[in-house]
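Structural description and commentary
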Amino acid sequence: MDIATFRRVAPMRLQVSQWKANGHIVGVVPTMGALHDGHLSLVRAARENADRVIVTIFVNPKQFNNADDLTNYPRTEESDKKKLAPFGVDAIYAPAATEIYPEGFSTNISVANVSDGLCGAHRPGHFDGVATVVTKLLLQTGADVVFFGEKDFQQLKIVKRLVRDLDIPTRIFGCPTVRDKDNLAMSSRNSQLSARDRAAAPALYQAISAARDKILSGQTIESALQKARSDILAAGFADVEYLELRDEADLQPTNQVDKPARLLVAATIGGVRLIDNIQVP
Ligand code: PAF
């Protein structure tokens, strides 16, 4: 049976209010479509922790700082629906652009500090776009719980902060990164890699795992990161946008690993920008 698909906020809200009237907990998985096993793991987590599951599909123009990136972003709604079918998803919310950004839309949600640096420094406006659309999707769906992957770790921290700051009554689940057999983090962008670049791409995870091991065995952070950077470039990446150790709690730069930290990386191969991160220790 087809999953009910809502394009407008009013019928989506009506459906959610009926579920809530029956005491059901509503779980939401926000996506931009082009679903892969990483998304499906979030759907599984939603299924286990909520009574009703909504998957949102909206390619959010406001979070693309590069017009080609927006144009090339895969749009695969029909195959996305097929992938969701076995998971007992209750509804897809794939709003028309005007439901998110009606004419005259003038509001911008900007989360300071956690948005600084890392992807925030290299993709101007990206996180304002994410924060604005996530706020709208949470309010439009009335999500009781929402599920995000740890692969986009900075995004997860930003959403946690905005939900807290704006008193949005939604609980956030951060779910572990899902990896291919060769440890490449799953991403909708992986489908844009040539066969040669796809074969080289796992070097990103190998490099950060090796750096983590070196740091934990007492090597200086600087030398471990320098080696990781040169390994990534040697594997065929064109550049390393950032490779940094950050405090896991507030995402500020750190050179200590006696409390939880994250090693985060972004690098480009064949024109495709990949990100990954790993917990240290
Ligand atoms: O992670 C994503 O796919 C997007 O940034 C999100 C959270 C769906 C907002 O557009």
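Residues numbered from 1 in each chain as written. Predicted model: local features only at pLDDT ≥ 70, side-chain atom pairs only at ≥ 80, totals over all residues. Heavy atoms only, no water.

**Observations concerning the pairing of strand 2 (residues 26-31)**
- Most of strand 2 is tucked away, with six of its six residues classed as buried.
- Every second residue of strand 2 is oriented toward a common face, with Val26, Val28 and Pro30 on one face and Gly27, Val29 and Thr31 on the other, all of them buried.
- Pairing between strand 2 and strand 3 (residues 52-57): six bridges, direction parallel. Looking across to strand 3, one finds that Thr31 is bridged to Ile57.
- Each parallel crossover has a hand, and the one from strand 2 via helix 2 (residues 37-49) to strand 3 is right-handed.
- Pairing between strand 2 and strand 5 (residues 145-149): two bridges, direction parallel. Across the sheet, residue Val28 finds its bridge partner in strand 5, namely Val146. (Buried < 20%, exposed > 50% of the residue type's maximum accessible area, 1.4 Å probe, protein only. Helix = DSSP H or I, 4+ residues; strand = E, 2+ residues; numbered from the N terminus. Pairing = 2+ DSSP bridges. Right-handed = clockwise from strand over helix to strand, strands pointing away.)

**Digging into the sheet that holds strand 9 (residues 272-280)**
- Taken in spatial order, the three strands make up an open sheet running 7-8-9, and their pairing is antiparallel. Both outer strands of the open sheet, strand 7 (239-247) and strand 9, are each paired with one neighbouring strand and no more. Ignoring which end each strand starts from, the neighbouring axes of this sheet average 10° apart.
- In this fold helix 10 (residues 203-216) packs onto strand 7, strand 8 (261-269) and strand 9, with an angle of close to 25° to the strand it touches most, strand 9.
- Its contacts with the sheet put helix 11 (residues 221-234) on strand 7 and strand 8, and the angle it makes with strand 7 is roughly 150°. (Axes fitted to C-alpha atoms, helices over the stretch in contact; angles between N-to-C directions. Contact = heavy atoms within 4.5 Å.)

**Topic: empty space enclosed by the protein**
- Counted under the stated rule, the structure contains two cavities of 30 Å³ or more.
- Put simply, the largest cavity is a space of about 830 Å³.
- For the largest cavity, the lining is made up of 45 residues, of which His39, Tyr73, Lys151, Asp152 and Gln155 are closest to its centre.
- Mapped by element, the contributors of at least two residues to the lining of the largest cavity are strand 2, helix 2, helix 7 (126-141), strand 5, helix 8 (153-165), strand 8 and strand 9.
- Examining the composition of the lining of the largest cavity, we find that six residues originate from one element, helix 7, more than from any other.
- In terms of residue class, the lining of the largest cavity is built from 23 nonpolar, 15 polar and seven charged.
- The space that makes up the second largest cavity amounts to roughly 60 Å³. (1 Å grid on protein atoms, 1.4 Å probe; cavity = no way out; pocket = protein on both sides within 12 Å on 5 of 7 lines; lining within 4 Å. Points joined across faces, edges and corners; volume = space filled by probe spheres on them. Nonpolar A, V, L, I, M, F, W, Y, C, P; charged D, E, K, R; others polar.)

**Description of the environment of Ile269**
- Here Ile269 is to be found in strand 8.
- Between the C-alpha atom of Ile269 and that of Thr31, which follows or precedes it by 238 residues, the distance is 24 Å.
- In this structure, Ile269 is in contact with Leu193, Asp197, Ala200, Gly236, Phe237, Ala238 and Leu274, ignoring residues within four places of it in sequence.

**Some thoughts on helix 7**
- In this model, helix 7 (16 residues) spans 22 Å end to end at C-alpha, consistent with the 22 Å of a helix rising 1.5 Å per residue.
- Most of helix 7 sits inside the fold, with 15 of its 16 residues counted as buried. (Expected span 1.5 Å × (residues − 1).)

**A closer look at the side chain of Gln155**
- By the secondary structure assignment, Gln155 is in helix 8.
- When residues no more than four places from it in sequence are discounted, the contact partners of Gln155 are Phe127, Val130 and Phe148.

**A look at helix 10**
- Look at helix 10: 20 Å from first C-alpha to last across 14 residues, which is about the 20 Å you get at 1.5 Å a residue.
- Where helix 10 is concerned, the buried positions are Ala203, Leu204, Tyr205, Ala207, Ile208, Ser209, Ala211 and Ile215.
- Along its buried surface, helix 10 packs onto helix 9 (195-200), helix 11, strand 7, strand 8 and strand 9.
- Positive phi appears at Gly218, one or two residues downstream of helix 10, with a value of about 105°.

**Observations regarding the packing of helix 7 against helix 8**
- Where helix 7 contacts helix 8, the two axes come as close as 10 Å, and the packing angle between them is 55°. As the angle between them shows, helix 7 and helix 8 are arranged oblique. Crossing hand, helix 7 versus helix 8: right-handed. Within the contact between the two elements, helix 7 uses Phe127, Val130, Ala131, Val134, Thr135 and Leu138 and helix 8 uses Gln154, Gln155, Ile158, Val159, Leu162 and Val163.
- Looking at the contact of helix 7 with helix 8 residue by residue, the classes come out as nine nonpolar, three polar and no charged. (Parallel < 35°, antiparallel > 145°, perpendicular 65-115°, else oblique. Left-handed = near helix turned anticlockwise from the far one by under 90°.)

Take it as geometry only, folks, not as evidence of what the structure does.
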